[in-house]
Amino acid sequence: MERNYQICSNCIMDTSDSKIVFDVTGVCDHCNDFYTNVKPNWHTDEKGRAEVQAIVEKIKNDGKGKDFDCILGMSGGVDSSYLLHLSVKELGLRPLVFHVDGGWNSELAVHNIQVMIDKLGLDLYTEVINWEEMKDFQLAFFKSGVPHLDIPQDHAFIATLYNFANKYNIKYILNGGNISTECVRNPMEFLYYGTDMAQIRDIRKQFSTNKMETYPFSPILKHKFYLKYIKGVNVVKPLNYMPYVKEDALKLLADTYGWTPYPQKHFESRFTKFYEGYWLPERFGFDTRRVQYSSLILTGQLSREKALEKMSKPAYNPEIIDEEFKYIATKLGITIEELRGYLTMPKKFYWNYKNQLSMFKFGAKFLKFIGVEKSIKR
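What you see is a predicted model; the values in this text were computed from it and never measured. (Residues numbered from 1 in each chain as written. Predicted model: local features only at pLDDT ≥ 70, side-chain atom pairs only at ≥ 80, totals over all residues. Heavy atoms only, no water.)

Quick look at the packing of helix α14 (residues 321-332) against helix α15 (residues 336-344) now. In the contact formed by α14 and α15, the axes pass within 9 Å of each other and the chain directions differ by 105 degrees. The pairing of α14 with α15 is recorded here as roughly perpendicular in orientation. Residues D322, F325, K326, I328 and A329 of α14 touch α15, and the partners they reach there are I336, L339, R340 and L343. Residue classes in the contact of α14 with α15 are distributed as 6 nonpolar, no polar and 3 charged. (Axes fitted to C-alpha atoms, helices over the stretch in contact; angles between N-to-C directions. Helix = DSSP H or I, 4+ residues; strand = E, 2+ residues; numbered from the N terminus. Parallel < 35°, antiparallel > 145°, perpendicular 65-115°, else oblique. Contact = heavy atoms within 4.5 Å. Nonpolar A, V, L, I, M, F, W, Y, C, P; charged D, E, K, R; others polar.)

On to helix α3 (residues 78-90), then. For α3, built from 13 residues, the straight-helix expectation of 18 Å at 1.5 Å per residue is met to within 8% by its first-to-last C-alpha distance of 17 Å. Within α3, 10 of the 13 residues are buried, which leaves the element mostly enclosed by the surrounding structure. Taken together, the buried positions of α3 are occupied by V78, D79, S80, S81, Y82, L83, L84, H85, L86 and S87. Looking at the buried positions of α3, the neighbouring elements they touch are β1 (70-73), β2 (95-101), α4 (107-120), β4 (172-174), α7 (179-182) and α10 (246-257). (Expected span 1.5 Å × (residues − 1). Buried < 20%, exposed > 50% of the residue type's maximum accessible area, 1.4 Å probe, protein only.)

Turning to the environment of D150, a few remarks are in order. Topologically, D150 is positioned in the loop between α5 (131-144) and α6 (151-167). For D150, a relative accessible area of 7% translates into the label buried. With 46 residues separating them in the primary sequence, D150 and D196 have C-alpha atoms 13 Å apart. Reaching out from D150, the side chain makes a polar contact with the side chain of T272 at a distance of 2.9 Å. (Polar contact = N/O pair within 3.5 Å; in protein donor to acceptor, adjacent residues only side chain to side chain.)

Laid out in structure tokens, this is it:
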């Protein structure tokens, strides 16, 4: 039975998230979870500063005598860019800057990465993913009919970073993930787990034609358990321990490095720009800006009225969307007609394929129960 449309009275999450729940005042469960579970345990004051300083000192001590004391995955987006500035200029860390080129870098992303590397005087290590493998992988996801088309990119980024850290015995990975701009999560039906190898194998088995002998696969158990608890590879999110205001970060990056902002979060990738800006809202009725703006509303960085005003306009430019279709189709080696065919084919979701969702849920509950991971971690 189809639900009547409803939008949260506090943020802008709505019933495009089919699992959303509203209380008697019309406030959604995303907001109530933030106010009940996240905000009380989120410290960006002196307590947070003391916590991050303790972590930084440990990173520095463990890194003595090494060329680098940590590794930082750099996408060129605002979060990873600001984290790089913070890590070097304020925390005094010596990160190896690591970039994974999945074949979809925008010119702007390349520019933003380079201006920071140049002005900070750092080394940049770039891992290039085999394009024929990436292309086949992404086409397999198009053919599967699911919404989570960004998994081939995301999985490569995560796996390559962890594998590199493990290979060269780098114990700390700096991550730009943060509560300040990401406290509301995307509905799982649209952006499913990128490390569910059962699902990846099932989709590849049905729709892939490439053996993918060099693509860096990494099962969840490898990087969540083996690398973390056996090999001691730790992920640190410094932006969660101090004030992080997106507009302030954008201004600092622009003024200090000549860094140029993107129209929307995650648009440093040409594919993600097309996928999140056009494909998801047009094919599935889900606009990721709802999640992004709602996060900013909850953390006091954007008014609900301004967010609704921004949502009144499409995330993509209607005047050039035909050019975007041509670019994506040409890059994937298919016709525009074939690509449009995937847009209108029957919709499928993660539950239509083999998956490890029960294992993911059990693992999260178990780690929370034994106190290893807390709900504050996003």
